[in-house]
Amino acid sequence: LTVAMSVVVDSHAQDKKITLGFAQVGAESAWRTANTVSVKQAAKDAGINLKFSDAQQKQENQIRAIRSYIAQKVDVIAFSPVVESGWEPVLEEAKKAHIPVVLTDRNIDVKDKSLYVTMIGSDFLEEGRRAGRWLEETYKNNPGPINIAELQGTVGSAPANDRHSGLMEIIKNDPKFKIIASQSGDFTLAGGKQVMEAFAKTYGKQINVVYAHNDDMALGAIQAMEEAGMKPGTDVKVVSFDATKGGFQAMIAGKINVDVECSPLLGPQLMSAVKDIVAGKTLPKRIVTNETVFPMNVAAQVLPQRKY
Ligand code: AHR
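Residues numbered from 1 in each chain as written. Predicted model: local features only at pLDDT ≥ 70, side-chain atom pairs only at ≥ 80, totals over all residues. Heavy atoms only, no water.

J.: Whenever I open this one, the sheet that holds strand S10 (residues 258–261) confuses me. Can you help?
T.: Taking strand neighbours across the sheet as the criterion, the six strands line up as S7-S6-S8-S9-S10-S12 in an open arrangement whose pairing is mixed. Edge positions in the open sheet fall to strand S7 (177–184) and strand S12 (293–295), since each of these has one partner strand only. In this sheet, neighbouring strand axes are inclined to one another by 20° on average, regardless of whether the strands run parallel or antiparallel. For strand S8 (residues 209–212) and strand S9 (residues 237–242), the ladder comprises three bridges, and the chain directions are parallel. In the strand pairing of S9, Val 209 is matched with Lys 237. Its contacts with the sheet place helix H5 (residues 124–138) against strand S6 (146–152), S7, S8, S9, S10 and S12, and it is angled at close to 160° to S9. (Pairing = 2+ DSSP bridges. Helix = DSSP H or I, 4+ residues; strand = E, 2+ residues; numbered from the N terminus. Axes fitted to C-alpha atoms, helices over the stretch in contact; angles between N-to-C directions. Contact = heavy atoms within 4.5 Å.)

Okay, structure coming up:
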């Protein structure tokens with residue numbers, strides 16, 4: 001009798017296990033690595049069966065992964081969209097199959113908001129504004145011109161679009177700020193280094209500020225500037241995003257001036273959203289991550305508490 005009962009309990013528990021299909025962007029940055037670890041660990045902790053795929057920063061790979069999750073009839077699909085546009089067809093397919101979709105980290109540009117349940121992640125536009133406000137404050141007594149070289153993230157991605165627009169919103173009415181060069185380094189260290197090498201050759205000492213859309217590109221740009229005889233952090237101010245440990249170490253070394261936080265630790269929030277969806281609860285359409293700004297002078301004190 002005891003054996004029979006335990007079999008019943010086990011099969012019941014198995015029936016209840018939620019399967020989540022997660023389509024990740026790739027492994028382009030320290031941020032992304034921390035995000036993947038957070039999602040995997042949180043799934044384990046929540047007892048959720050996770051199917052994970054890495055799109056290597058290609059939208060077509062992500063679409064293929066989502067289609068395979070639909071075919072496998074997972075309970076919920078979550079993904080961090082490489083770019084903002086082009087998602088309607090595959091999300092219509094998920095909707096037809098009655099599989100709820102959660103967006104994490106990056107947003108998408110769709111008219112029909114019923115194609116996803118909720119979006120969990122940072123407000124990239126506000127991050128860009130925060131960086132812009134820092135620049136305004138830093139240069140308030142400087143008549144300019146202040147020439148900015150921008151290292152953009154992946155073309156068409158929400159963080160690249162919004163970190164650019166957020167900055168523009170703040171500096172557009174102050175003619176002393178000029179973006180003299182802007183190019184994508186695809187959120188990678190190698191990309192940031194390569195683009196900065198070209199900027200250094202073309203603009204050299206004219207550059208006052210490097211505005212890098214993430215820490216990996218900022219770290220690559222720092223290498224390129226040093227190789228070109230420039231002094232990041234002093235001659236050239238470096239503004240960056242994410243606030244990874246690498247970013248903090250560069251601030252302590254005096255080479256990044258400010259790091260606007262973007263938290264990758266979205267796993268626990270995602271898993272609780274997934275459980276709520278399966279339980280039939282209604283979720284807010286947007287769940288915004290709590291974040292701040294770290295100027296270089298606080299870096300040494302804050303680094304020991306950083307988790308990524
Ligand atoms: O979408 C979040 C961004 O993507 C992070 O800023 C960056 O490091 C990552 O690659």
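J.: Quick question: what am I supposed to make of the pattern of salt bridges here?
T.: Here the idea is simple: oppositely charged side chains can pair when their charged atoms come close. Scanning the model with the defined rule gives 17 salt bridges in all. A salt bridge links Glu 127 to Arg 163; the nearest nitrogen and oxygen atoms lie 2.8 Å apart. Taken as a pair, Glu 127 in helix H5 and Arg 163 in helix H6 (residues 158–171) lie far apart in primary sequence, 36 residues in all. Each member of the pair, Glu 127 as well as Arg 163, is classed as buried. In this structure, Lys 255 and Glu 226 form a salt bridge, with 2.9 Å as the shortest nitrogen-oxygen distance. Residue Lys 255 is located in the loop between helix H9 (245–252) and S10, and its partner Glu 226 is located in helix H8 (residues 215–227); the two are separated by 29 residues in the primary sequence. On the basis of relative accessible area, Lys 255 is assigned to the partly exposed category, the value being 27%. Here the residues in one salt-bridge network are Glu 126, Arg 129, Arg 130, Arg 133 and Glu 169, joined through shared partners. (Salt bridge = Lys/Arg side-chain N within 4 Å of Asp/Glu carboxyl O. Buried < 20%, exposed > 50% of the residue type's maximum accessible area, 1.4 Å probe, protein only.)

J.: Mind showing me how you'd approach the sheet that holds strand S3 (residues 76–79) here?
T.: Sheets are built from strands paired through backbone hydrogen bonds, the pairs being either parallel or antiparallel. Spatially, the six strands line up as an open sheet ordered S2-S1-S3-S4-S5-S11, and their pairing is parallel. In this open sheet, the two strands that pair with only one neighbour each are strand S2 (49–54) and strand S11 (286–288). Adjacent strand axes in the sheet meet at a mean angle of 20°, parallel and antiparallel pairs treated alike. Relative to S11, strand S5 (residues 118–121) runs parallel, the two sharing three bridges. Each bridged residue has a counterpart across the sheet, and for Gly 121 the counterpart in S11 is Val 288.

J.: What am I meant to see in the pairing of S9 here?
T.: When a strand is regular, its side chains alternate between the sheet's two faces. The buried count for S9 comes to five of six residues, which makes it a mostly enclosed element. Between S8 and its parallel partner S9, the chain crosses via H8, and the hand of that crossover is right-handed. With respect to chirality, the unit in which S9 leads through H9 into the neighbouring parallel S10 is right-handed. (Right-handed = clockwise from strand over helix to strand, strands pointing away.)

J.: Looking at this structure, how should I read the packing of helix H2 (residues 30–46) against helix H10 (residues 267–278)?
T.: If you want to describe how two helices pack, look at the angle between their axes and the distance between the axes. Between H2 and H10, the least distance of the axes is 8 Å, while the angle of their chain directions is 45°. On the basis of their axis angle, the class for H2 and H10 is oblique. Where H2 crosses over H10, the two elements pack in a sense that is right-handed. Note on element contacts: H10 touches H2 through Gly 267, Pro 268, Leu 270, Met 271 and Lys 275, opposite Ser 38, Val 39, Ala 42, Ala 43 and Ala 46. For the contact of H2 with H10, the class distribution of residues is seven nonpolar, two polar and one charged. (Parallel < 35°, antiparallel > 145°, perpendicular 65-115°, else oblique. Left-handed = near helix turned anticlockwise from the far one by under 90°. Nonpolar A, V, L, I, M, F, W, Y, C, P; charged D, E, K, R; others polar.)

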